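Fold and geometry: a report
Listed below, chain by chain, are the residues.
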Amino acid sequence: MGDSESGRTPVRAAGARRRARALLAALCLLAVPAALAGVASLTFSPAALREAMIAEIRKATGLAALAQGRAVLVVLPQPHVNVEAVSFADPAGALRVEAQELKAYLRVGALLRGRLEVASATLVRPDIHVDLSARGAPVVGAPDSSLARALAAPAATPQAHADEARLGALTIVEGRAAVVAASGTESVLERIDATLDWRRPGDPARLAGSAAFRGYAAEFSVVVDRPADLLRGASSNVNLSLDGPRLSLSGQGEAAFAPKPQFSGRLAASAASLRKLAEAGGYFVALPAPLEDFSLTADVNLTTPAASFSNLRLRLDGNEYEGALAVLTEEERPALAGTLAAGRVSLRPFFARLAPLVSREGQWTREPFELDEHDLADLDLRISASRLALPGLDLKDAAVSLMKRGPRLDVGLIEAGVGQGTIKGRASFVKTEAGLEARVSAALNGVDAAALQPSGGEPRRLSGAAVASASAQGTGRSMAELMRSLEGSAQASLAQGEILGLNLAAGLRSVEGRPLSLAQDIRYGSTSFESAGFGLKIAHGVAQIVDGRLDGRSFELAFAGRIDLGERALDAQATAQSTAKPADASDRTPRRFSFEVSGPFDDLVLTPDAQSLLRRSDAAAPLFGRGVKPAPAN
């Protein structure tokens, strides 16, 4: 029994000691806030708190500060001072901050010693204005501030005493920032919630948070390895990222502020719609391309006001490119230049978004051209592609140039292969007071004419190796007006070709034996020819056909007429004649017949000449009172 009681005594003593220590700790916890409150109440009045906060801000940053509201010391849960209506500015006026409230969180040890030292701060609803247009980067004024002393120290001296001065962390809640660039343009960020963590000038600085630009929010992060060196005019490693609904971006490289802002490193970016991204930045993109599915990786060199991208890989509208680009923003509008190469490029989405050029009635549209320039960038691009897909046409080994300067746009197909032949062309468009001025030229050499016709799943009506050249120009406020103003010329020849839906051999046989069936016989089958050619003289939107000929082994065809390009109509006359020797040597009557092809482009009608057939058969006269349409190509 005695032994049992003696065994419990040490246990009870140990428990008592633990309870005593716990009680002492609790008393200390209660005493610390009381002590802090007592020290603060005896040492700092509201006016003294305001002055102390202003002095701390000036001591750390060199910024001039002003507090017009009340100041309150809050002990729990963390000692801090709330100061209302606070403003800061650098002496040059390039940086101004006006905040609804400043919450300055204090170092406990300093407070117990009767001093206020800020460990971190929070600005509530600050309005920040940064003006780089005339003064350059904001400066730190007071030379005796911690930050100013650090920036005055030589670069790349991380062990310098100035680099060990205490700074802290700054949090912005529901902030707004307006930044005026060197060019004078202003960008506004809203709904800023971010924290800058920079403990000492020699430590890395981390800025992370979220903000909204033109209504679109994004999260961002920036890490600067040596921010003090960066502000001293030296360089520092920088890592940055941006993630939002309009754009995702990441970059790693070396940055510097002097002699002017610059960055050199690796950049990656992606966006669902480049068009919407540009419009969010205030730029209107007049090109009809979708500009979707954008991604880019490149080695980048940014030096205000230019940027260059090398080792570039670009994806846009399902097309993939490699090459180099450069951007210049110093002029009136941005300028983009570069050289890109691709395996296969499809421009079909580009043309699919073009406004219809022909109305439902089959006439050129009278809708006015969109001639506003807005803020579209100037362009100087060279693109090469192993395969270039256009609507109804596939080109190989294509070289394309795209140039825009002010109101002028030049598009050039420097050269491309089509089958066994080549094609090249150029189009120039200029905005004038009279409307859109267009100049177009093209040349073909050995191109199969069938490759130039949209098939729509149907056989092409015309084939043959074509050699052609054409040039035209016109001016108008709409497509209809432009086409009616066309002036120009063209020359074309074809060799070893075929025409589907026109059987001249059957027609010539019908003239000899069955003139009554010519109207039907000529519509079915095809005509092979050895050579063909014609010229066009275009004036006021009407092309006159000159020297039109088509020669086969046993026939020849001469044709002439007019093509009304403005009204989209054809009125052509042709005469076909057999060159074969007649079976009856005494028959000297030439086997020939004439016909017309006329009507709108979408509804052409082939009409044999009744009078020429009446000479063969009087019974045929009543049957040719109206024309018939050419048969389908198949």
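For the structure, check the block above.
Residues numbered from 1 in each chain as written. Predicted model: local features only at pLDDT ≥ 70, side-chain atom pairs only at ≥ 80, totals over all residues. Heavy atoms only, no water.

Overview of the overall build of the protein chain
Tallying secondary structure elements over the protein chain gives 11 helices and 30 strands in all. Looking at the protein chain as a whole, 37% of its 634 residues are labelled buried. When contacts within the protein chain are restricted to residue pairs at least 6 apart in sequence, those whose partners lie at least 24 apart make up 49%. A total of about 34200 Å² of accessible surface is found on the protein chain, and carbon and sulfur atoms cover 56% of it. (Helix = DSSP H or I, 4+ residues; strand = E, 2+ residues; numbered from the N terminus. Buried < 20%, exposed > 50% of the residue type's maximum accessible area, 1.4 Å probe, protein only. Contact = heavy atoms within 4.5 Å. Areas by Shrake-Rupley, 256 points an atom, 1.4 Å probe, with all protein chains shown as cover.)

Here we look at the layout of surface pockets
Reported here for the second largest pocket is a volume of approximately 150 Å³. As for the second largest pocket, its lining consists of 14 residues, and the residues nearest its centre are Ala-335, Leu-336, Ala-337, Leu-379 and Asp-380. Taken together, the elements giving at least two residues each to the lining of the second largest pocket come down to strand E15 (306-316), strand E16 (319-328), strand E17 (335-346), strand E18 (378-390) and strand E19 (393-405). (1 Å grid on protein atoms, 1.4 Å probe; cavity = no way out; pocket = protein on both sides within 12 Å on 5 of 7 lines; lining within 4 Å. Points joined across faces, edges and corners; volume = space filled by probe spheres on them.)

Things to note about the packing of aromatic side chains
One pass over the structure, following the stated rule, counts 2 aromatic pairs. Taking 6.4 Å as the distance between ring centres and 55 degrees as the angle between the ring planes, the aromatic pair formed by Phe-534 and Phe-559 counts as tilted. Highlighted residues: Phe-534 in strand E25 (residues 526-539) and Phe-559 in strand E27 (residues 555-564), separated in sequence by 25 residues. When its relative accessible area of 21% is taken as the criterion, Phe-559 is described as partly exposed. Here Arg-568 stacks its cationic end above the ring of Trp-364, 5.2 Å away from the centre of that ring. (Phe/Tyr/Trp six-rings, centres within 6.5 Å; stacked < 30°, edge-to-face > 60°. Lys NZ or Arg CZ within 6 Å of the ring centre and 35° of its normal.)

Here we look at the pairing of strand E26 (residues 542-551)
Along any regular strand the residues' side chains alternate between the sheet's two faces. Bridge count for E25 against E26 is 8 bridges, and the pairing is antiparallel. Bridge pairing in E26 places Lys-537 opposite Gln-544. Turn length for the E25-E26 hairpin, with the two strands adjacent in sequence and antiparallel, is 2 residues, and the turn residue His-540 shows positive phi of about 55 degrees. Bridge analysis of E26 against E27 gives 8 bridges, and the strand direction is antiparallel. (Pairing = 2+ DSSP bridges.)

Some points on the pairing of strand E9 (residues 205-213)
Two strands pair when backbone bridges link them, and strand E8 (residues 186-198) and E9 are joined in this way by 7 bridges, in the antiparallel orientation. In the strand pairing of E9, Ala-194 is matched with Gly-209. Summarising the sheet, E9 and strand E10 (residues 216-224) pair through 9 bridges and their orientation is antiparallel. For Ser-210, the partnering residue across the bridge sits in E10 and is Glu-219. In this antiparallel pair of consecutive strands, E9 and E10, the connection spans 2 residues, and Arg-214 shows a positive phi of 55 degrees.

Looking at helix H2 (residues 46-61)
In this model, H2 (16 residues) spans 23 Å end to end at C-alpha, consistent with the 22 Å of a helix rising 1.5 Å per residue. Buried residues of H2: Leu-49, Ala-52, Met-53, Ile-54, Glu-56, Ile-57 and Ala-60, and no others. Following H2 by one or two positions, Gly-62 adopts a phi angle in the positive range, close to 80 degrees. (Expected span 1.5 Å × (residues − 1).)

Examining the environment of Arg-484
Relative to the helices and strands, Arg-484 is located in helix H8 (residues 479-484). On a C-alpha basis, the gap between Arg-484 and Asp-564 in space is 8.5 Å, while along the polypeptide they are 80 residues apart. For Arg-484, the residues in contact, after removing those within four places along its chain, are Arg-366, His-540, Gly-541, Gly-566 and Glu-567.

Considerations on the nonpolar core
Counting 40 residues, the largest nonpolar core has Phe-294, Phe-309, Leu-312, Leu-314, Leu-395 and Ile-423 as its most contacted members. Of the residues forming this core, the biggest block, 5 residues, is contributed by E15. With sequence-adjacent residues up to four places away left out, Leu-312 is seen in contact with Leu-296, Thr-297, Ala-298, Tyr-321, Glu-322, Gly-323, Leu-325 and Leu-340. Ala-466, Ala-480, Leu-486 and Ile-538 belong to the second largest nonpolar core, which has 37 residues in total. (Core = buried A, V, L, I, M, F, W, Y, C linked by side-chain atoms within 4.5 Å.)

What to know about a nonpolar patch on the surface
Together, Leu-170, Leu-196 and Leu-207 make up an exposed nonpolar region whose accessible area comes to about 190 Å². For Leu-207, the position within the fold is in strand E9. (Patch = residues over 30% accessible without salt bridge, like charges linked within 9 Å, V, L, I, M, F, W, Y side chains within 5 Å. Salt bridge = Lys/Arg side-chain N within 4 Å of Asp/Glu carboxyl O.)

Regarding the environment of Ala-466
Examined against the element boundaries, Ala-466 turns out to sit in strand E23 (residues 462-476). Looking at Ala-466, the relative accessible area reads 7%, which means it is buried. C-alpha of Ala-466 to C-alpha of Leu-494: the two residues are 28 residues apart in sequence and 4.4 Å apart in space. For Ala-466, the contacting residues outside a window of four places in its chain are Leu-444, Asn-445, Gly-446, Val-447, Ser-493 and Leu-494.

Quick look at the pattern of salt bridges
Summed over the entire model, instances satisfying the criterion amount to 22 salt bridges. Among the ionic pairs, Asp-229 bridges to Arg-232, the shortest N-O distance being 2.7 Å. Of this pair, Asp-229 and Arg-232 both sit in helix H5 (residues 227-232), 3 residues apart, which is roughly one turn of that helix. The burial state of Asp-229 is the same as that of Arg-232; both residues are buried. Arg-408 is paired through a salt bridge with Asp-410; the nearest N and O atoms lie 2.9 Å apart. Under the relative-accessibility criterion, Asp-410 is labelled buried at 13%.

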